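Each chain is listed here by its residues.
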Amino acid sequence: MQNFEFCVPTRIIFGRGKEETIGEVLKNDGIKKVLMVYGSHSIKKNGLYKKVTKSLKESGIAFAEYSGIKSNPRVSDVDKAAELARNEDVDAILGVGGGSVMDSVKGISAASKCNCNVWDFYTQKAEINDAFPIYNIVTLAATASEMNSGFVLTNEETSEKLGNGSPLLYPKVSILNPELTFTVPKDYTAYGAVDIIAHVLEGYLTRTSGPDLMNMYIESIIKTVIKTTEIILINPEDYDARAEFMWSATLALNGSAKTGMDGISFPNHMVEHGISAISDIAHGAGLSIVIPAWMKWYKSKNEDQFKRFAKEIFGKDTIDDGIKSLEDWFRSIESPVRLIDAGITDETLPDITLKSHKQALKWGIDKEYSAEAISEILQFAK
Ligand code: NZQ
Ligand code: ZN
């Protein structure tokens, strides 16, 4: 067991109807005005917008709004929203949405305080030294952005999608009501499942040492996600399945699943960021293409963990059968498993390699993941 520190200062409020307490939560924290940030249509269509604004009004919380955050969120939206936050003189940012909204909120919170463009944090022109408090109402379970300090943005001018983060960007409060995810369409439910599995699998398959507790913790998360996804895809309004799925998503990337382990890295995310930078594919869909390819490329480097995965998750005796079972499961939930399934053709591979390698450099894993290595991984995805 390696030494570690674990501190997540986010208060989670979980359960039915809890979004209606948002006004009260903000009032109790002394917040007077928020910038409410959301996506395109879903929260107006399913009635959540009305509930949230009613709660804010009843508690006397003033609010400004920024809508239209896209999946694979753009820096231009974050910059515009940060300017709005400054002009409106808000004292907190409230995200109502999935990972794209919650990631944008982190960028908005930091950029509006520093009076700079959010991309300046990526080019080292500016540092994250201050941030507005962040509140979330989560509508899609996948990223754990509600309980971590990272955010991923796409720079549409340079076609780069890169991760960033700061301990100042842990949300203060995140409200999770599984009922709010009943309306998530089947495709995004499937992509969410892939993303959750990816978050724990990265550490599980790259670890070089660590407690068995973490192996079992991660296996529980993966098994829970497989089981609940199959239920939800048939019955989207199964509360208990949605609830276990949602909490699994949070636990998978709030830092708890990495405790005491050595050798953790995020190569699948690295390659996926390269793919979605140039193709705008949904994050989970990109991951279900990368994961089987990366597993085939990497399997001989950590055979014990790959064998364990095959046995514990799918009851298989060989590494190859374990990989095949995962790939078949991705197929069964209709998430793509080959580049061509997502319309990504050979001529884009050099650019994907370049963009992925940039992420490798940023994450300090460029020695193991040279451009040549990334290109080899992509060959397995054809
Ligand atoms: O824009 P609206 O109309 O709200 O529609 C959204 C969007 O089209 C829709 N949706 C969300 N909640 C819904 C709903 N539709 C119906 N009912 C609901 N309750 O779903 C679509 C996808 O939403 P999005 O927020 O893009 O999905 P997700 O939560 O998967 O977030 C993906 C983003 O998070 C980043 C990804 O790279 C990607 O940009 N990630 C963030 C991480 C982090 N901060 O730790 C880690 C992840 O690995 C990931 O990289
Ligand atoms: Zn992810």
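Residues numbered from 1 in each chain as written. Chains lettered and ligands numbered in written order. Predicted model: local features only at pLDDT ≥ 70, side-chain atom pairs only at ≥ 80, totals over all residues. Heavy atoms only, no water.

Draft legend 1. Geometry of the overall build of the protein. Broken down by element type, the protein carries 14 helices and eight strands. The C-alpha radius of gyration of the protein comes to 20 Å, within 12% of the 21 Å expected for a compact globule of 382 residues. Along the first, second and third principal axes, the C-alpha atoms of the protein reach 60 × 45 × 45 Å. Nonlocal contacts in the protein, meaning residues at least 24 apart in sequence, comprise 78% of its contacts between residues at least 6 apart. Of the roughly 15700 Å² of accessible surface on the protein, 49% is carried by carbon and sulfur atoms. Distance between charge centres in the protein, computed from 42 positive and 52 negative side chains, equals 3 Å. (Helix = DSSP H or I, 4+ residues; strand = E, 2+ residues; numbered from the N terminus. Rg over C-alpha atoms; globule rule 2.2 N^0.38 Å. Contact = heavy atoms within 4.5 Å. Areas by Shrake-Rupley, 256 points an atom, 1.4 Å probe, with all protein chains shown as cover. Lys, Arg positive; Asp, Glu negative; His and termini not counted. Charge placed at Lys NZ, Arg CZ, Asp CG, Glu CD.)

Draft legend 2. Structural detail: the layout of surface pockets. In this model, the second largest pocket occupies a volume close to 170 Å³. What lines the second largest pocket is simply Lys186, Asp187, Ala190, Glu230, Leu233, Ile234, Ser332, Ile333 and Glu334. The set of elements that each furnish at least two residues to the lining of the second largest pocket consists of helix 6 (186-206) and helix 7 (212-234). Its residues assigned to classes, the lining of the second largest pocket comprises four nonpolar, one polar and four charged. (1 Å grid on protein atoms, 1.4 Å probe; cavity = no way out; pocket = protein on both sides within 12 Å on 5 of 7 lines; lining within 4 Å. Points joined across faces, edges and corners; volume = space filled by probe spheres on them. Nonpolar A, V, L, I, M, F, W, Y, C, P; charged D, E, K, R; others polar.)

Draft legend 3. Structural context of the coordination of the zinc ion (ligand 2). For the zinc ion (ligand 2), the full set of protein donor atoms is Asp195 (OD), His199 (NE2), His269 (NE2) and His283 (NE2), at a range of 1.9 to 2.2 Å. Mapped onto the sequence, the residues coordinating the zinc ion (ligand 2) show the spacing D-x3-H-x69-H-x13-H. Here the residue histidine 199 occupies a position in helix 6, and histidine 269 occupies one in helix 9 (residues 267-279), the gap between them amounting to 70 residues. (Donors = N, O, S within 2.8 Å, 3.2 Å for Na, K, Ca; no water.)

Draft legend 4. Geometry of the packing of aromatic side chains. With the rule as written, the count across this model stands at 14 aromatic pairs. With centroids separated by 5.9 Å and ring planes inclined at 75°, the aromatic side chains of phenylalanine 309 and phenylalanine 314 adopt a geometry described as edge-to-face. The class for phenylalanine 309 is buried, based on a relative accessible area of 1%. One Lys or Arg, arginine 16, reaches over the ring of tyrosine 239 and ends 3.8 Å from the middle of that ring. Lysine 113 extends its terminal NZ or CZ atom over the ring of phenylalanine 132, reaching a point 4.4 Å from the ring centre. (Phe/Tyr/Trp six-rings, centres within 6.5 Å; stacked < 30°, edge-to-face > 60°. Buried < 20%, exposed > 50% of the residue type's maximum accessible area, 1.4 Å probe, protein only. Lys NZ or Arg CZ within 6 Å of the ring centre and 35° of its normal.)

Draft legend 5. Spatial organisation of a nonpolar patch on the surface. On the surface, Met1, Phe4 and Phe6 cluster together to form a nonpolar patch covering roughly 350 Å² of accessible area. Secondary-structure assignment places phenylalanine 4 in the segment before strand 1 (11-14). (Patch = residues over 30% accessible without salt bridge, like charges linked within 9 Å, V, L, I, M, F, W, Y side chains within 5 Å. Salt bridge = Lys/Arg side-chain N within 4 Å of Asp/Glu carboxyl O.)

Draft legend 6. Representation of the sheet that holds strand 1. Here six strands make up an open sheet; going across it, the order is 1-8-5-4-2-3 and the pairing parallel. Two strands lie at the open edges of the sheet, namely strand 1 and strand 3 (62-66), each paired on one side alone. Neighbour to neighbour, the strand axes of the sheet diverge by 20° on average, direction disregarded. In this sheet, strand 8 (residues 173-176) lies alongside strand 5 (residues 134-138) in parallel orientation, the contact comprising four bridges. Looking at the pairing, isoleucine 137 lines up with isoleucine 175 of strand 8. Against the sheet, helix 4 (residues 75-88) engages strand 2 (33-38), strand 3 and strand 4 (92-97), with an angle of about 160° to strand 3. (Pairing = 2+ DSSP bridges. Axes fitted to C-alpha atoms, helices over the stretch in contact; angles between N-to-C directions.)

Draft legend 7. Region of the structure containing the packing of helix 6 against helix 7. Here helix 6 crosses helix 7 at 170°, and the two axes come no closer than 10 Å. Relative to helix 7, the element helix 6 lies roughly antiparallel. The residues of helix 7 that touch helix 6, namely those facing Lys186, Thr189, Ala193, Ile196, Ile197, Val200, Leu201 and Tyr204, are Asn215, Ile218, Glu219, Ile221, Ile222, Val225, Ile226, Thr229, Ile232 and Leu233. (Parallel < 35°, antiparallel > 145°, perpendicular 65-115°, else oblique.)

Draft legend 8. Summary view of the site of ligand 1. Inspection of the region around ligand 1 gives 31 residues, with Ser42, Ser71, Gly99, Ser100 and Asp103 positioned closest. Contact distances for ligand 1 include 2.8 Å between a nitrogen atom and a side-chain N or O atom of threonine 139. For ligand 1, whose unbound accessible area comes to 960 Å², protein coverage reaches 89%. When contributions to the shell around ligand 1 are tallied by element, the ones reaching two or more residues are helix 5 (99-114), strand 6 (150-155), helix 6 and helix 9. By residue class, the composition of the shell around ligand 1 is nine nonpolar, 19 polar and three charged. Two domains share the shell around ligand 1, each providing at least three of its residues, namely domain 1 (11-180) and domain 2 (185-380). (Near = heavy atom within 4 Å. Polar contact = N/O pair within 3.5 Å; in protein donor to acceptor, adjacent residues only side chain to side chain. Domains from an automatic or database assignment.)

Draft legend 9. Just the state of the cysteines, in detail. Overall, the coordinates contain one disulfide when judged by the stated rule. A sulfur-sulfur distance of 1.9 Å marks the disulfide that ties cysteine 114 to cysteine 116. Since its relative accessible area comes to 14%, cysteine 116 is described here as buried. (Disulfide = S-S within 2.5 Å.)

Draft legend 10. Layout of helix 11 (residues 303-314). Compared with an ideal rise of 1.5 Å per residue, which puts twelve residues at 16 Å, helix 11 spans 16 Å between its outermost C-alpha atoms and is within 8% of the ideal. Buried within helix 11 we find Gln305, Phe306, Phe309, Ala310 and Ile313. Taken around the axis of helix 11, the buried residues stretch over an arc of 140°, which confines them to a single face. Buried residues along helix 11 sit against helix 6, helix 7, helix 10 (283-298) and helix 12 (319-332). (Expected span 1.5 Å × (residues − 1). Arc of directions from axis to C-beta.)

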